[in-house]
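Chains, contacts and geometry: an overview
Single-letter residue listing:
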Amino acid sequence: MTVLSVLDLSPIVEGSNASQSLANSLDLARHAERLGYRRYWLAEHHNMPGIASAATSVVIAHVAGGTNTIRVGAGGIMLPNHSPLVIAEQFGTLNALHPGRIDLGLGRAPGTDMATARALRRNLDAGADNFPQDVIELMGYLQPAEDGQRIRAVPGEGEKVPIWILGSSLYGAQLAAMLGLPYAFASHFAPAELDHAPEIYRSRFQPSEQLDKPYVMLGLNVFAAPSDAEAWLLFTSLQQAFVNLRTGRPGRLPPPVEGYERDLDPMAKTMLGQALSCAVVGSPETVRQGIEAFVRRTGADELMVTAQIFDHAARVRSFEILADAHKSLSEAA
């Protein structure tokens, strides 16, 4: 049965703060470890009032230091914002602190708006167009140093931190295939190319030192609760946050609202229906059937599950229900 992992944006909910969000992230990671999830990834976003994981490497250190066995990583680091050497040093340090438990997912978007991208002080003339070269440069820093090598990542060299390519288009699929790296597709918020990107990646994959055959991870929203009605109510927090973001009003994660989608205008409904089409929402049995159908449709090797749920206890419970559903499917298989 397909492996399950967790993607956490460390949501800052209305009425709370970043300190509580980061404490919640560690608590959820400990639950995920106990429940058998393989990885716990955090994402780099900037200038987002509702996301506490902007300093992604720091939050990874926080989570990895408070857990024991679960892999912890970035889903992902937005490489145009950083020099490859700095990221090699950061993740080399993380892997030195937590050997064999660190993953490095790389994306080519800035993870923010252009004004904020300029404030991050990278060379915007290079940016995303230099992404393939930056990835290769970064991979080189994580290999054992060669004789006479002038620039070295210390820590970093020889750590061989597993690198993933993240994407929501055909570009990332082609790059991951060419470099022989595992591919993570952002179907949880940008599913338009879900049927094409993994197919292109698999068909063009070239084996590498890191990976001998293609490996596809797909993002999936899962909102699980004792009943379908309760799960759909929890889902309205994400729906509100998404509409607010797409209409230029990003904010903290709002509480659930009864009948939220019913009162939306047709354009917003269409936007939500497209962007969040990869979502499994419902009771334990609904979730079991939903993930089984999604895996059957996509052939995913791994599901990276995210759940922007307002109440932390309900969020933990959602991942518990999903773990039970996954166990049931695995036993049946």
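See the structure above.
So, a few notes on the structure that sits alongside this text.

Using the criterion set out here, one finds 13 salt bridges in the structure. Note that Arg 34 is salt-bridged to Glu 320, the shortest N-O span being 3.3 Å. Of this pair, Arg 34 sits in helix H1 (residues 18–35) while Glu 320 sits in helix H11 (residues 312–332), and the two are 286 residues apart along the sequence. Judged by relative accessible area, Glu 320 falls into the partly exposed class, the value being 27%. A salt bridge links Asp 103 to Arg 71; its shortest N-O distance comes to 2.8 Å. Separated by 32 residues along the polypeptide, Asp 103 in strand S4 (residues 102–107) and Arg 71 in strand S3 (residues 71–78) bring together distant segments of the chain.

A few words on the pairing of strand S9 (residues 302–306). Within a regular beta strand, the side chains point alternately toward one face of the sheet and then the other, so they alternate between its two faces. In terms of burial, S9 is a largely internal element, five of the five residues being buried. Side chains of S9 alternate between two faces, with Glu 302, Met 304 and Thr 306 and Leu 303 and Val 305 buried alike. With five bridges connecting them, strand S7 (residues 216–224) and S9 associate as parallel partners. Residue pairing across strands places Met 217 opposite Glu 302, the latter belonging to S9.

Moving on, we come to the layout of surface pockets. Counted as a void, the largest pocket has a volume near 1200 Å³. Lining the largest pocket we find 49 residues, and of these Leu 9, His 45, His 188, Phe 189 and Leu 245 sit closest to its centre. The set of elements that each furnish at least two residues to the lining of the largest pocket consists of S3, strand S5 (163–167), helix H6 (170–179), strand S6 (183–185), S7, helix H8 (228–246) and S9. It is H8 that contributes the most residues to the lining of the largest pocket, five residues altogether. Its residues assigned to classes, the lining of the largest pocket shows 25 nonpolar, 19 polar and five charged. Here the second largest pocket is characterised by a volume of approximately 220 Å³.

With nine of its nine residues buried, S7 lies for the most part within the structure. The side-chain alternation of S7 yields two buried faces, one formed by Val 216, Leu 218, Leu 220, Val 222 and Ala 224 and the other by Met 217, Gly 219, Asn 221 and Phe 223. Bridging between S6 and S7 involves three bridges; their strand directions are parallel. By the bridge assignment, Tyr 183 is partnered in S7 with Val 216. In terms of strand pairing, S7 meets strand S8 (residues 279–282) through four bridges, oriented parallel. Directly across from Asn 221, in S8, lies its bridge partner Ala 279.

Cut-offs and rules
Residues numbered from 1 in each chain as written. Predicted model: local features only at pLDDT ≥ 70, side-chain atom pairs only at ≥ 80, totals over all residues. Heavy atoms only, no water. Salt bridge = Lys/Arg side-chain N within 4 Å of Asp/Glu carboxyl O. Helix = DSSP H or I, 4+ residues; strand = E, 2+ residues; numbered from the N terminus. Buried < 20%, exposed > 50% of the residue type's maximum accessible area, 1.4 Å probe, protein only. Pairing = 2+ DSSP bridges. 1 Å grid on protein atoms, 1.4 Å probe; cavity = no way out; pocket = protein on both sides within 12 Å on 5 of 7 lines; lining within 4 Å. Points joined across faces, edges and corners; volume = space filled by probe spheres on them. Nonpolar A, V, L, I, M, F, W, Y, C, P; charged D, E, K, R; others polar.

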